[in-house]
4 protein chains.
Amino acid sequence: MTDRIRLGMVGGGNDAFIGGVHRIASRIDDHFELVAGALSSTPEKSQASGAALGLAPDRIYDDFKQMAIREARLKNGIEVVSIVTPNHVHYAAAREFLKRGIHVICDKPLTSTLADAKKLVKAAEASEALFVLTHNYTGYPMVRQAREMIAAGQIGGVRVVQVEYPQDWLTEEQDFKQAEWRTDPARSGAGGSTGDIGTHAHNLACFVTGLELEALAADLQAFVPGRQVDDNAHVMLRFKGGARGMLWSSQVAPGNENALKIRVYGEKGGLEWAQEDPNYLWHTPLGEPKRLITRNGAGAGDAAGRLSRVPPGHPEGYLEGFANIYTEAAHAIRAKRAGITLDPEVQFPSIHDGLKGVAFVDACVRSSARNAAWVTLAD
Amino acid sequence: MTDRIRLGMVGGGNDAFIGGVHRIASRIDDHFELVAGALSSTPEKSQASGAALGLAPDRIYDDFKQMAIREARLKNGIEVVSIVTPNHVHYAAAREFLKRGIHVICDKPLTSTLADAKKLVKAAEASEALFVLTHNYTGYPMVRQAREMIAAGQIGGVRVVQVEYPQDWLTEEQDFKQAEWRTDPARSGAGGSTGDIGTHAHNLACFVTGLELEALAADLQAFVPGRQVDDNAHVMLRFKGGARGMLWSSQVAPGNENALKIRVYGEKGGLEWAQEDPNYLWHTPLGEPKRLITRNGAGAGDAAGRLSRVPPGHPEGYLEGFANIYTEAAHAIRAKRAGITLDPEVQFPSIHDGLKGVAFVDACVRSSARNAAWVTLAD
Amino acid sequence: MTDRIRLGMVGGGNDAFIGGVHRIASRIDDHFELVAGALSSTPEKSQASGAALGLAPDRIYDDFKQMAIREARLKNGIEVVSIVTPNHVHYAAAREFLKRGIHVICDKPLTSTLADAKKLVKAAEASEALFVLTHNYTGYPMVRQAREMIAAGQIGGVRVVQVEYPQDWLTEEQDFKQAEWRTDPARSGAGGSTGDIGTHAHNLACFVTGLELEALAADLQAFVPGRQVDDNAHVMLRFKGGARGMLWSSQVAPGNENALKIRVYGEKGGLEWAQEDPNYLWHTPLGEPKRLITRNGAGAGDAAGRLSRVPPGHPEGYLEGFANIYTEAAHAIRAKRAGITLDPEVQFPSIHDGLKGVAFVDACVRSSARNAAWVTLAD
Amino acid sequence: MTDRIRLGMVGGGNDAFIGGVHRIASRIDDHFELVAGALSSTPEKSQASGAALGLAPDRIYDDFKQMAIREARLKNGIEVVSIVTPNHVHYAAAREFLKRGIHVICDKPLTSTLADAKKLVKAAEASEALFVLTHNYTGYPMVRQAREMIAAGQIGGVRVVQVEYPQDWLTEEQDFKQAEWRTDPARSGAGGSTGDIGTHAHNLACFVTGLELEALAADLQAFVPGRQVDDNAHVMLRFKGGARGMLWSSQVAPGNENALKIRVYGEKGGLEWAQEDPNYLWHTPLGEPKRLITRNGAGAGDAAGRLSRVPPGHPEGYLEGFANIYTEAAHAIRAKRAGITLDPEVQFPSIHDGLKGVAFVDACVRSSARNAAWVTLAD
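Residues numbered from 1 in each chain as written. Chains lettered and ligands numbered in written order. Predicted model: local features only at pLDDT ≥ 70, side-chain atom pairs only at ≥ 80, totals over all residues. Heavy atoms only, no water.

Enquirer: Now, about the UniProt feature "domain: GFO/IDH/MocA-like oxidoreductase" (unreviewed entry) in chain A: what can you tell me, with residues and values included?
Expert: Under the feature "domain: GFO/IDH/MocA-like oxidoreductase" (unreviewed entry), the UniProt entry names residues 143–272 of chain A. The span residues 143–272 of chain A carries 28% helix and 33% strand; its end-to-end C-alpha distance comes to 10 Å. (UniProt positions renumbered as here; feature names shortened; annotations may be inferred. Helix = DSSP H or I, 4+ residues; strand = E, 2+ residues; numbered from the N terminus.)

This is the structure:
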């Protein structure tokens, strides 16, 4: 299929987790072909990982800069690169590709520092290339359904947002790779749970409601002795326009695997969605029985339907949601290729969403340092 | 059954809700017989309500003071009175009975003001009579189970408490009686959702964990135009000893009927309980599958078993939980009658718990007035 | 309260289970006062049990016949008797009271043999007294809700009924009292799980749908070595009018405490209800999202409302459902007392329902003996 | 990636459902590349569908025979073909590829008649090629987990199997393509719901328990007027070795989207799994609390782990389960390529499983024609 979009990858070597997710996500709807990679921090590991993935030896690079330079020169060089490294590498890597006009799909959070995030926004604005941030939960059909319903006024003006993202994998000290860099402020940034998962919760709350966060008050904790970043965060939220909310992120809540959940209450109804049971959206019109809207089922609308592959009752999940971000990116890249206007129903998290996420982490850390005083979000 | 404890009631007339609940609760385990009442704010209504309940005409009183005076003199006068009026009446009514040595079972919150609460504590301390506060959710078997497990160290040291109590019945302005007094600060006190249901959530968090709240930061809202008390509250919690938590109370969250829920996470495990499905307690020992402990079922211990009437799979609910408070009160009253020491496994919310609840509301209001600054709990 | 209905009890001594349930059920709505009993199979046990319940010594009887004779002669003798013995005693006991005009509330199944059931029907028809069978699950509000919706055509013509009642308490051989008589055909009748719980499932299916069972094909098993009655039953159902169904009863299904569940599917919708979560009824109008109707909540109708005591979100359960049967009985007894026509909305399982239940067990046993051939229901 | 297995497809044109599922499933783990197709029943539609999929024009065929002949001669012709047509085409299509040594991945049920199924077994036995049947639900990790636990004796000897597969999409008459051929006995075979989904339920019951079905008694209905095949089926099951069960398949049960569910009860425990929430397996060890085992989570074993891509809490679903069958097929094909013995942990439904499925449908139809008499399964 010669029409596939040529994809490179930075990071995602053999012992990574999210790299494999990106690769599956890129294949599900058959829009991409992985053809190049700088997959690891050492040339040896990068070669081994690339070979395992079946990359041509001359498309396996020692580092992202080498890859950006050469691929930009190739006739059939990569059109887009996925950056799936630890956070502190995002900025430097993305910059190299953006300045050469290669589209970037980048893992969240955008960067490990607010300064880097701001610089990256400038780099992206100066580039012709697209920038797609994988806040993958915005790709779930029932999240789109919720957003569509709120935008259409189906629950009335939003008053209260309850969003939480508890996990339990860091309840005790861990020393394997995924845990190690995520608890190292030099690599993950100043936020621990706030950066790794709180940014997802923040992004989801804004995406679903269409609201923007104005101020927050955060009480961060590092419960595990010796931990240098927060592993639990309690945050009160004030949105522009008057809605209020609470956000809880935790990596020390036993019994929670990946329990991202959002509940939104408006003047005329409520909506509830949980990532671990993603095919369901609960909707209560005020004064009526609660309704269970299912992915592609009765009551689900166009926004969910266009991201859904199989009939209701045939569950889709994390990988399909992630694939939807890739497929939205593919639509955008193909529109760029063709020089046509992008269909407005295509949506993906942007570099500006990424900046807001890093600003959210920054605000949490600042507020907590001031004993949970209210702080506004820098931008 | 001549052995029944003679019970009077203040409030709980024909159009009340909680009075009927108290009466059913008093009958379930057959420890009480309602024999007297000052059931309403007017003599006419009180008479009508008393007649409907089958009270002897000479035991139906115009007001609580008249009742306290006369019943105290009767040979077979009431031994205990249930006070089920709006909050602002609790103090004056309770005082009359306490000073005559008549035991008091009083609805929550203890009083409508902190000053009243402190005075009532003194009145109770000066009296020989018992004082039982109906924080009824502490009477649910699986709540006792949770408390027992935490006290036994089964989830390790507590780190995080998430407690919430959302409802939806005040999403729009309401003018029926139950809504009216609860949204009138003169009768309910300065707290709206915080007083009516936040106190339950606060009490439950402390009861289950055995922890005491040290400080809180509260952001209160009154979303419904013209409402004089909070109808939604976001509260961050700091417990003595280092545990942290969040508390959400709301009366404007469509789709939530009476959704009190508590989740407690410790160093070695987690527990989750929801009032609307009260026969279940979820327990996750860290690193093991989640377990569903059922009331009277496998894995349930003595603390739950002694409050359970029927086998597992035969659901008990709100009325049975409420009845457990009455039955605990009966055990205490019988022990007093007999002049024997009360079995330490008998537990009921005390006037001191009541004071803490009013202090919680007071702290929420103070904190919110100071833009959610941290305040310690007065006592 | 002189207005209470005077109640006696046969069976229900100290080590019984269901007797205590009946007593609580009789108290919840305050219509009855237990004043007499023949509570056990020996005079000594009966005396001890009666004393523990606070009965007057002269109202504690050695056996049910003595009690029937004397109470019928007393000026304020019992008006109604609850029969809560093992099945094989029901017929002889009920007959004694019916022939003296004392109303009978009798536990299910009606009798241990079909012959006894037919004789008891004649005895009841010859008596002025009422006969109420405690198929208690028909007293749950959401069961009434389901019945009302089907009767109103809300799911169209019924096609398929799936009903099941699995338990696990007899997975291994047991020798305590409750297990012993239930697995002894001389006391329980020829059916094991079919008699003890299958009759509930059969009754519920007919009550909810308004249909009558025409024929069945049953495959019964006794999995536990040495067991003399079925402990698991698979039954295919054909209802008059063309609806079909399946019924599963089991006492050997680990993980099922008391998991009675019914699902009904019609031409225009479906309904699902589970006894262990009794406050919820799921309704799917064909082509629309599933709806969760809650007890006393939005969408619940009059039939459920009149049996509901507390607001939605305040769970009622097994004891309240059982109490509803007692309260319906009280309405009927009071109407008899007053000589007025009973309000048609008052409903309770009758002796004819009891006969159908025994016929169901008989048919299951006959069919299974013929290798699950179809048999019609004797009447 | 030159190592991909070259895949062709028969059926699966533009307006098909299951063809697209097969294609996604083939891509998820990157083992296959679709290179040829005879995608529709007319050359024009086949060309259009192939072009839309990006196939080379000379690899798009008018019919499966032409494709089999030419691809078998090509140097880099297809190594495996996926047959995703209506049932009645399976036999003729599969035969053409098998006799040319091309592996076959075939949708279920195996064929539309028992005679065809037997002939196809012979054709497969005479071929060197592999035959893989997409009973896709055997590819779900938690189904493998259940099978592994039962095989290891974790619930003791199996006594009772409850399996059901209700849907609602044929509650009313439908005339779109997917409905049309499934309700036409000439194309689907004599079974309606039994063939389309009952075969999945039967296969799942046997796969999970490791038991073989010995006899069944079936009561089939066609509720929708004019329907020529069953749309609802009640089946009682007897397994070799003494276990018993019930199977319900339905396409007329409103509120059920794709609600395949299995429950297995043994002497020492129970297991429950539902396809619509596939990441969960409930396990009750007799006398202990119910446990929730999650995909890749605590308590999950090797059999589930090897088919799982992402951490617990990140739901996988229908497409991933389907992909697991493709990946198992890929392992088998690669082992064939390499001439090595296949790792015994690799498992996929075989042609013999397919024959059993068609025999199941045949037995259901025969039994129902004899008024639900017991029939043994032909083979």
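Enquirer: If you had to explain the UniProt feature "domain: Gfo/Idh/MocA-like oxidoreductase N-terminal" (unreviewed entry) in chain A to someone new, which residues and values would you point to?
Expert: What UniProt calls "domain: Gfo/Idh/MocA-like oxidoreductase N-terminal" (unreviewed entry) maps, in this numbering, to residues 5–132 of chain A. The span residues 5–132 of chain A is 43% helical and 18% strand by assignment, and the distance between its end C-alpha atoms comes to 15 Å.

Enquirer: Before we move on, can you summarise the interface of chain B and chain D with the specific residues and values?
Expert: On the chain D side, the residues contacting the 10 residues of chain B number 10 residues. For the pairing of chain B and chain D, the buried interface totals around 720 Å² over both sides, and the portion due to carbon and sulfur atoms is 74%. At the boundary of chain B with chain D, the tally comes to 0 salt bridges. The interface formed by chain B and chain D contains 2 residue pairs in polar contact (both at pLDDT 80 or more). A total of 4 residues in the side of chain B that touches chain D trace back to one element, the largest contributor, which is strand β13 (residues 290–294) of chain B. (Contact = heavy atoms within 4.5 Å. Buried area = accessible area lost by both parts, 1.4 Å probe. Salt bridge = Lys/Arg side-chain N within 4 Å of Asp/Glu carboxyl O. Polar contact = N/O pair within 3.5 Å; in protein donor to acceptor, adjacent residues only side chain to side chain.)

Enquirer: A description of the relation of the copies chain B and chain A should follow, citing residues and the corresponding values.
Expert: Rotating chain B by 180° and moving it 0.0 Å along the rotation axis overlays it on chain A with an RMSD of 0.0 Å. Here the symmetry operator amounts to a two-fold rotation axis. Residue Ala373 of chain B of chain B places its C-alpha closer to the rotation axis than any other residue of that unit, at 3.5 Å. Mapped onto chain A, 100% of the interface residues of chain B again fall at the interface, so both copies present the same surface. (Least-squares fit on C-alpha atoms with pLDDT ≥ 70 in both.)

Enquirer: Pulling in residues and values, what's your account of helix α12 (residues 351–369) of chain C?
Expert: Residues and elements named next belong to chain C. Taking 1.5 Å per residue as the helical rise, α12 with its 19 residues ought to reach 27 Å, and the 27 Å between its terminal C-alpha atoms agrees with that figure. Looking at α12, one finds that the buried residues are Ile351, Gly354, Leu355, Gly357, Val358, Ala359, Phe360, Val361, Ala363, Cys364 and Ser367. The N-capping residue of α12, defined by a side-chain oxygen 3.1 Å from the backbone nitrogen of His352, is Ser350. Note on α12: the residue one or two positions beyond its end, Asn371, has a positive phi of about 60°. (Expected span 1.5 Å × (residues − 1). Buried < 20%, exposed > 50% of the residue type's maximum accessible area, 1.4 Å probe, protein only.)

Enquirer: Please give an account of the relation of the copies chain B and chain D that cites residues and values.
Expert: The two copies are related by a screw motion: chain B maps onto chain D through a turn of 180° and a shift of 0.0 Å along the axis, at an RMSD of 0.0 Å. Residue by residue, 100% of the interface of chain B is reproduced at the interface of chain D, so both copies engage with the same surface.

Enquirer: Describe helix α6 (residues 141–151) of chain B, with residues and values.
Expert: All names here are of chain B. A large share of α6 lies buried, amounting to 8 of its 11 residues. Taken together, the buried positions of α6 are occupied by Pro141, Met142, Val143, Arg144, Gln145, Ala146, Met149 and Ile150. Trailing α6 by a residue or two, Gly153 shows a phi angle of about 80°, which is positive.

Enquirer: Provide a residue-level description of the sheet that holds strand β1 (residues 5–10) of chain A, including the pertinent values.
Expert: Residues and elements named next belong to chain A. As summarised here, the arrangement of the 5 strands in space is β2-β1-β3-β4-β5, forming an open sheet in which the pairing is parallel. Here the strands that pair on one side only, and so sit at the sheet edges, are β2 (32–38) and β5 (131–133). Across the sheet, the mean angle from the axis of one strand to that of its neighbour is 25°, orientation sign disregarded. Pairing between β1 and strand β3 (residues 80–83): 4 bridges, direction parallel. Looking across to β3, one finds that Gly8 is bridged to Val81. (Pairing = 2+ DSSP bridges. Axes fitted to C-alpha atoms, helices over the stretch in contact; angles between N-to-C directions.)

Enquirer: Report on the side chain of Ser46 of chain A, specifying residues and quantitative values.
Expert: All names here are of chain A. Here Ser46 lies in helix α2 (residues 43–52). Classification of Ser46 by relative accessible area gives buried; the value is 0%. Looking at Ser46, its side chain comes within polar contact range of the main-chain oxygen of Tyr61, at 2.8 Å. Setting aside anything within four residues of it in sequence, one finds Ser46 in contact with Gly37, Ala38, Leu39, Ser40, Ile60 and Tyr61.

Enquirer: Would you mind going over the interface of chain B and chain A in detail, with residue names and values included?
Expert: Taken together, the contact between chain B and chain A spans 42 residues of the former and 42 residues of the latter. Here chain B and chain A share an interface that buries about 3,400 Å² over both sides, 59% of which is from carbon and sulfur atoms. Our count for the chain B to chain A interface comes out at 6 salt bridges. For Asp219 of chain B, the salt bridge identified is with Arg238 of chain A, shortest N-O distance 2.8 Å. Listed by contribution, the elements that provide at least two residues to the side of chain B that touches chain A are β6 (158–166), β7 (213–221), β8 (232–239), β9 (244–250), β10 (261–266) and β11 (269–274) of chain B.

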